Amino acid sequence: EPFSYTISAPVSGVDPGDPTVFSIGGELPPGLTFDATTGTISGTYTPPMSKAIQAPSSNGASVPSKSVVGSVQLFATNSHGTATKTLVFLQAVPQLLNISTRMQVLTGDNVLIGGFIITGNAPKKVILRAIGPSLSEANPAVPGALADPVLELHEPDGTVITNDNWKDTQESEIEATQIAPKKEEESAIVATLAPGAYTAIVRGKDGGTGIGLVEVYDFDQAADSTLANISARGFVDTGDNVMIGGMIIGAGTSQVLVRAIGPSLANANPPVPGALADTTLELHDKDGAIIGFNDDWRDSQQVEIEATQTEPKSAKESAIVAFLTPGNYTAIVRGKDNTTGVALVEVYNITP
């Protein structure tokens, strides 16, 4: 966002013939300039291209709510001498406030498997939701919605929290978030989670199948921790049954890496049967407009993607690096030429 700061100094009793001259010392953050005539620093900060991704680990690495991006010395000088102050530039660390994935929920290995990572020093309060039947009443309506989802939260120590119908447990806590599911058959879990890697699994009750949605919301943005990335794995079909990932960007401009992984899943440990052979990836803004498209990741942005050190392993996989302002975004994974198979969509919040 545009920034402007004008140096000021007391003028009471100062001789008009002895004006105060303003100057600065040091290097301004990129995108900002200094006008010595008016004493104003202004411009739009341009973050440098990041070389690293916020560490997907549970080692407790600090993730502050603000980061220092530069500082300069301010000088005000007239015949009486020089006064100085230090101006420090802080940038809010970008936040992923909501991450979600909608896709076909099948059985066995092809249920909806969502992973997310919390990094930082402090526990974070989140709500997880598994949505199914209310999708049929959405605008536009989603045909073939999962009639009765069951949600599992798997913690790093092996603990598993399960919910079938959200009113069965934690009804008051879920209602307090003001985003309780619309249907009693849908599932939700409120939890305060320590930094680490977590997995959310959505299944159909009694082996049911259909389109389901898994969501994670950040309800403690002030905590010294952040949702660093999200991933979801499942079966990518055609038409409305492709894989759709959503995210809400909070404070500041976020640099994100979005990946669509398919063929390399066949070489994972353990291998994933039926992996999607060739992925395509679309990135849409809140109005539905396509702001990024990629088929094979080396076709475009190869340098930027390699700089994240998390480039896809297969040339047939897709990736997009983008700077996103606060708002809602959607990533869509399809099989090239309407092919189908198991795929993984990932969104990384890259360190500014």
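To be clear, the structure that these remarks concern was listed above.
Residues numbered from 1 in each chain as written. Predicted model: local features only at pLDDT ≥ 70, side-chain atom pairs only at ≥ 80, totals over all residues. Heavy atoms only, no water.

Across its full length, the protein chain carries two helices and 22 strands. Taking all 352 residues of the protein chain together, 49% fall into the buried category. (Helix = DSSP H or I, 4+ residues; strand = E, 2+ residues; numbered from the N terminus. Buried < 20%, exposed > 50% of the residue type's maximum accessible area, 1.4 Å probe, protein only.)

This part covers the environment of L32. In this fold, L32 is placed in strand β3 (residues 32-35). Overall, the relative accessible area of 10% leaves L32 in the buried class. Through-space distance from the C-alpha of L32 to that of T46 is 8.5 Å; in sequence the pair is 14 residues apart. Dropping the residues within four chain positions of it, L32 is found in contact with F3, I41, S42, G43, T44, Y45 and F89. (Contact = heavy atoms within 4.5 Å.)

On to the nonpolar core, then. If you look at the biggest cluster of nonpolar residues, it comprises 42 residues, and the most contacted ones within it are F116, L128, L153, L193, M247 and L324. With 10 residues, the next largest nonpolar core counts I7, L32, V72 and L74 among its residues. (Core = buried A, V, L, I, M, F, W, Y, C linked by side-chain atoms within 4.5 Å.)

All right, on to the pattern of salt bridges then. Applying the stated rule across the entire model yields 10 salt bridges. Residue K124 pairs with D218 through a salt bridge whose shortest N-O separation is 3.1 Å. With K124 in strand β9 (residues 124-131) and D218 in strand β14 (residues 210-218), this residue pair connects regions lying 94 residues apart in the sequence. This pair shows no difference in class: K124 is buried, exactly as D218 is. Taking the shortest distance from any N to any O, the salt bridge between E346 and R259 comes out at 2.6 Å. Here E346, found in strand β22 (residues 341-350), pairs with R259, found in strand β17 (residues 254-261); they are 87 residues apart in sequence, far enough to count as distant. Given the relative accessible area of 8%, E346 is considered buried. Residue classification places R259 among the buried positions, given a relative accessible area of 11%. (Salt bridge = Lys/Arg side-chain N within 4 Å of Asp/Glu carboxyl O.)

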